[in-house]
Amino acid sequence: MPQIHLYPPRKSADGGSRGGSCCWHMPSAAAVLCVVLAVQGVRFLISLSSPTEAQVDTGENTGGQDIQTGGEPEPVEYTIQPRGLTVVLDPGHGGAQPGCVIGDLEEKDIAMSITQQLKGELELLGFDVVLTRSTDADVDLSERARIANEAEGDCFVSIHCNSYEDDSVSGLECYYFRSEAGEQLAELISKATDESNIDTREVKEGNFQVLRETTMPAVLVETGFMTHPGELARLCDPNYQQKIALGIANGIDAYLNTRT
């Protein structure tokens, strides 16, 4: 499990705090994360845009001088607690089924990249995550539904990219099929992506096989239109992929919080 190691402040000779330090261990797919913790009177602000960057704010003016700690004490460990809930993620297409192809860019690769980042976000939130494929494999649609059902997932999210003959059409779309719970999940994901400043279209009902055959609340997310040149460029940007993943994760979290 991901861990934050927090090193509490040492006491100086005059009884004051001399500052602490921290280190962070997390999956490479995890997102930008901010954590504010109060430990022994010290405010730790961890602002991570990579797995190793961190800042520590002691709330004291040191006059620009380095603080010598005299050696590191034992870390205080914070471990993300599992929530006992399982999310099944389905990266669309794979293998000989590339999905939409624009030049050298294939939908299956973009879908897998976003899914892996989404997996990292959900694990940071304490969810168990099951993937219907973790490699470039062509998995039958019925097999994807079977994997989800056997995992007894609490929800199912299939990740795709869209295409259309009119290259001016853009935006993320979320589909459900004949399910009030699925519609609620789709609405909350769309709300979260819209609040993340991602171009988000209205929720739609779609008769997709993976939505018909799964037994849990299920949605299919078309993360953007590869046929829109500007959106295609964004979909290939790891930072934008991370933004999409975080938005979808927040929507899933909001939905599952209503069920616990």
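Refer to the preceding data block for the structure.
Within each chain, residue numbers correspond to sequence positions counted from 1 in written order. Side-chain atom pairs in this predicted model are given and counted only at pLDDT of 80 or more, local residue features only at pLDDT of at least 70, and totals for whole chains, interfaces and linings cover all residues. Side-chain numbers come from the whole structure's heavy atoms, not from hydrogens or water.

Peer 1: So what exactly am I meant to see when it comes to the pattern of salt bridges here?
Peer 2: Proximity of charged atoms lets side chains of opposite charge pair with each other. Salt bridge, as applied in this entry: a Lys or Arg side-chain nitrogen positioned within 4 Å of an Asp or Glu carboxyl oxygen. For the structure on display, the rule yields 11 salt bridges. One salt bridge connects Asp 253 with Arg 83, and the closest N-O pair in it is separated by 2.8 Å. Remark: Arg 83 occurs in the loop between β5 (76–79) and β6 (86–91) and Asp 253 occurs in helix α6 (residues 238–257); sequence separation between them is 170 residues. Remark: exposure states derive from per-residue accessible area (1.4 Å probe, protein chains only) relative to the maximum for the residue type, with buried under 20%, exposed over 50%, and partly exposed in between. The exposure class of Asp 253 is buried, given its relative accessible area of 15%. Residue classification places Arg 83 among the partly exposed residues on the basis of a relative accessible area of 30%. In DSSP terms, a helix is any run of H or I states spanning at least four residues, a strand is any run of E spanning at least two, and both are numbered starting from the N terminus.

Peer 1: How do you make sense of the environment of Gly 92 when you look at a structure like this?
Peer 2: Tracing the backbone shows Gly 92 in the loop between β6 and β7 (101–102). For Gly 92, a relative accessible area of 0% puts it in the buried group. C-alpha of Gly 92 to C-alpha of His 160: the two residues are 68 residues apart in sequence and 5.2 Å apart in space. Look past the residues within four positions of Gly 92 in its chain and what remains in contact with it is Lys 108, Ala 111, Arg 133, Arg 144, Ile 159 and His 160. Any two residues whose heavy atoms approach within 4.5 Å at even a single point are treated as in contact.

Peer 1: Just to check I follow, could you spell out the side chain of His 160 for this structure?
Peer 2: With respect to the element layout, His 160 can be found in strand β10 (residues 155–162). Contacts described as polar in this section are N or O atom pairs within 3.5 Å, which, within protein, must combine one atom able to donate a hydrogen with one able to accept it, while residues neighboring in sequence count only if both atoms come from side chains. There is a polar contact of 3.4 Å between the side chain of His 160 and the side chain of His 93. Separated by 3.1 Å, the side chains of His 160 and Ser 158 make a polar contact. Excluding residues that lie within four positions of it along the chain, His 160 makes contacts with Gly 92, His 93, Glu 107, Leu 220, Val 221, Glu 222 and Thr 223.

Peer 1: Would you mind going over the sheet that holds strand β11 (residues 173–176) with me for this structure?
Peer 2: Whenever strands of a sheet pair, they do so through backbone hydrogen bonds, lying parallel or antiparallel. If DSSP finds at least two bridges between two strands, the strands pair. Judged by pairing direction, the sheet is mixed, and its six strands sit side by side in the order β9-β6-β10-β13-β11-β12 without closing on themselves. In this open sheet, the two edge strands, each paired with only one partner strand, are β9 (128–131) and β12 (204–205). The pairing of β6 with β9 spans four bridges and is classified as parallel. Among the inter-strand pairings, Leu 89 is bridged to a residue of β9, identified as Leu 131.

Peer 1: Explain the nonpolar core to me, please; I cannot follow it from the model alone.
Peer 2: Inside soluble globular proteins, nonpolar side chains tend to come together where they are buried. Here the nonpolar core consists of buried residues drawn from Ala, Val, Leu, Ile, Met, Phe, Trp, Tyr and Cys, with membership extended through side-chain atoms lying within 4.5 Å. Of all hydrophobic cores here, the largest spans 37 residues; its most connected members are Leu 122, Val 157, Ile 248 and Ile 252. Among the elements that make up this core, the one with the highest residue count is α6 (eight residues). Setting aside residues up to four positions removed in sequence, Ile 248 forms contacts with Leu 118, Val 157, Ile 159, Ile 189, Thr 193 and Val 221. Membership of the second largest hydrophobic core comes to 10 residues, among which are Tyr 175, Leu 211, Ala 218 and Leu 220.

Peer 1: Looking at this structure, I do not really get a negative patch on the surface. What am I missing?
Peer 2: Without a salt bridge and with relative accessible area above 30%, a residue can belong to a patch; like charges are then joined within 9 Å and nonpolar side chains (Val, Leu, Ile, Met, Phe, Trp, Tyr) within 5 Å. Accessible surface is estimated by sampling points in the Shrake-Rupley manner with a 1.4 Å probe; for residues, cover comes only from the protein chains shown. When charges are counted, Lys and Arg contribute as positive and Asp and Glu as negative, whereas His and the chain ends are disregarded. A single reference atom marks each charge: NZ on Lys, CZ on Arg, CG on Asp, CD on Glu. Judged by side-chain charge, Glu 180, Glu 183, Glu 187, Glu 202 and Glu 205 come together as a negatively charged surface patch. Here the element with the most residues in the negative patch is helix α3 (residues 180–195); it accounts for three residues. Summarising the element assignment, Glu 180 is placed in helix α3.

Peer 1: Even after reading the chapter, I still don't get the packing of α3 against α6, so can you show me in this structure?
Peer 2: For any two helices packed against each other, the geometry is given by the interaxial angle and the distance between the axes. Close contact between α3 and α6 brings their axes to 7 Å; oriented N to C, the two are set at 135°. Accordingly, the angle class assigned to the pair α3 and α6 is oblique. Crossing handedness for the pair α3 and α6: right-handed. Facing Ala 181, Gln 184, Leu 185, Leu 188, Ile 189, Ala 192 and Thr 193 of α3, the residues of α6 in contact are Gly 247, Ile 248, Asn 250, Gly 251, Ile 252, Ala 254 and Tyr 255. In this classification, Asp, Glu, Lys and Arg are treated as charged, Ala, Val, Leu, Ile, Met, Phe, Trp, Tyr, Cys and Pro as nonpolar, and every other residue, Gly included, as polar. Residues that form the contact of α3 with α6 fall into these classes: nine nonpolar, five polar and no charged. Axes, fitted as lines to C-alpha atoms, cover a helix only where it is in contact. Angles between the N-to-C directions of the axes lie from 0 to 180 degrees. Under this scheme an angle from 65 to 115 degrees is roughly perpendicular, one under 35 degrees roughly parallel, and one over 145 degrees roughly antiparallel; angles in between are oblique. Should the near helix be turned anticlockwise from the far one by less than a right angle, the crossing is termed left-handed; should it be turned clockwise, right-handed.

Keep in mind these numbers describe shape, not what the thing actually does.
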